[in-house]
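In case you want the letters, here they are:
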Amino acid sequence: MASIAAITRALLTKNVINTGRIATSSNTSFIKFYSTAPEYENIKIDIVGAKKNVGLIQLNRPKALNALCNALFKELGKAVKNFNADDKIAAIIITGNKKAFAAGGDIKEMQNNTYSSITKANVLQVWDNLLNCGKPIIAAVNGFALGGGCELAMLCDIIYAGEKAKFGQPEINIGTIPGNGGTQRLPRYVGKSKAMEIVLTGNFIDAHEAEKMGLVSRVFPVEKLLEETIKLAERIGTQSPLIVKMAKQSVNQAYETTLKSGLQYEKSIFYGTFATEDRKEGMTAFVEKRAQETFKNN
Ligand code: CAA
């Protein structure tokens, strides 16, 4: 918590947060990472970036290494949904603390579940809010990203990691298997042999290994991770939100279909960009050798 506040303060000395619920004075020279309303007990949210267009969500159950209890799932789903609906937000970051992004589903909460109770509750459905989010979601992973924590990171669009991050699917150690993408997304990202090894042994992999495998796109020193992730979100925030959404949809389609129908899908989205003002302005500015006007999301 404190470290995130410190990083954010150092990064964005001139900014002030105004989430619409709690506003700081426009003269203050810091950003405080805080939960905007009592509705969140297991996460904290903030709005950061020079243009205040990056939604930041910190998983906040440090004593339980951010184990993903049902209440946290629900809050996370709600926060993502709200940021997705907020036109001022260009991208969303999900992070944890230095020790843990998330150490998995909450084993204590799951311990006494039965087949019937877990099926009826269908808690994993909450993740749909993340899947349905049109805006890019970036995971900034320090510490453990295990089980459901690794799966949560994989559900995001981009993973940046701190150099001490550890990824794994250790469900096998507790007599179960990954339940939210560990056996499906992981092989698509790192290949069958590596995914099998990770899932069948429960062994952890470190950040550099994860980067080599293609699970993580970049690794940073622990203290720099959030700063670099915010920079990435801000860079994406300079693009047309509409085209970003179309590009995200198209890349995600690669994981859902055959190459042939994926290419068809891509082509229709590409053609679709020609119906937008932002595509027209982007190309016209290039041809006229002038700076682009701000994209209109149109
Ligand atoms: N669920 C509930 N509590 C957890 C937890 C989890 N997944 N992971 C850690 N905790 C709790 C511990 O019980 C402990 O609580 P107490 O202080 O009350 O005892 C606290 O967090 C600190 O944990 P440790 O003392 O174990 O910390 P450590 O540094 O010695 O070890 C660790 C860290 C290697 C991550 C170890 O905590 C661990 O192995 N955790 C479980 C990882 C795991 O198996 N994850 C998969 C869960 S199942 C799943 O994810 C399925 C799904 O969602 C679909």
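Cut-offs applied
- Residues numbered from 1 in each chain as written.
- Predicted model: local features only at pLDDT ≥ 70, side-chain atom pairs only at ≥ 80, totals over all residues.
- Heavy atoms only, no water.
- UniProt positions renumbered as here; feature names shortened; annotations may be inferred.
- Patch = residues over 30% accessible without salt bridge, like charges linked within 9 Å, V, L, I, M, F, W, Y side chains within 5 Å.
- Areas by Shrake-Rupley, 256 points an atom, 1.4 Å probe, with all protein chains shown as cover.
- Salt bridge = Lys/Arg side-chain N within 4 Å of Asp/Glu carboxyl O.
- Helix = DSSP H or I, 4+ residues; strand = E, 2+ residues; numbered from the N terminus.
- Buried < 20%, exposed > 50% of the residue type's maximum accessible area, 1.4 Å probe, protein only.
- Near = heavy atom within 4 Å.
- Polar contact = N/O pair within 3.5 Å; in protein donor to acceptor, adjacent residues only side chain to side chain.
- Nonpolar A, V, L, I, M, F, W, Y, C, P; charged D, E, K, R; others polar.
- Expected span 1.5 Å × (residues − 1).
- Arc of directions from axis to C-beta.
- Contact = heavy atoms within 4.5 Å.

By the naming in an unreviewed UniProt entry, the protein is Probable enoyl-CoA hydratase, mitochondrial, taken from Euphydryas editha. Checking UniProt for the protein, the heading Sequence similarities (unreviewed entry) contains the comment "Belongs to the enoyl-CoA hydratase/isomerase family."

Participant: Is there a simple way to explain a nonpolar patch on the surface in this structure?
Facilitator: Together, Phe 270, Tyr 271, Phe 274 and Met 283 line one region of the surface with nonpolar side chains, adding up to about 440 Å² of accessible area. Position of Phe 270 relative to the elements: it lies in helix H12 (residues 259–273). Using a relative accessible area of 46% as the deciding quantity, one classes Phe 270 as partly exposed.

Participant: Which parts of the structure should I look at to understand the site of the ligand?
Facilitator: Lining the immediate environment of the ligand, one finds 21 residues, of which Lys 99, Ala 103, Gly 105, Ile 107 and Gly 148 sit closest. In the environment of the ligand, a nitrogen atom lies 2.9 Å from a nitrogen or oxygen atom belonging to the backbone of Ala 103. One of the backbone nitrogen or oxygen atoms of Ile 107 is found 2.9 Å away from a nitrogen atom of the ligand. Going through the elements one at a time, helix H3 (107–110), strand S6 (144–146) and helix H6 (148–155) are the ones with two or more residues in the shell around the ligand. Of the residues that constitute the shell around the ligand, the class distribution is 10 nonpolar, 5 polar and 6 charged.

Participant: Where do I start with H12 in this structure?
Facilitator: One turn of the α-helix equals 3.6 residues, which is why residues spaced by three or four share an orientation. Here H12 contains 15 residues, and its C-alpha end-to-end distance of 21 Å stays within 8% of the 21 Å for a straight helix at 1.5 Å per residue. Within H12, the full set of buried residues consists of Gly 262, Ile 269 and Thr 273. Summarising the axial view, the buried residues of H12 lie within an arc of 50°, below the 170-degree limit, and thus occupy one face. Exposed and facing more than 90 degrees away from the buried side of H12 are Lys 260, Gln 264 and Tyr 271. Buried residues belonging to H12 abut helix H11 (241–253) and helix H13 (277–287).

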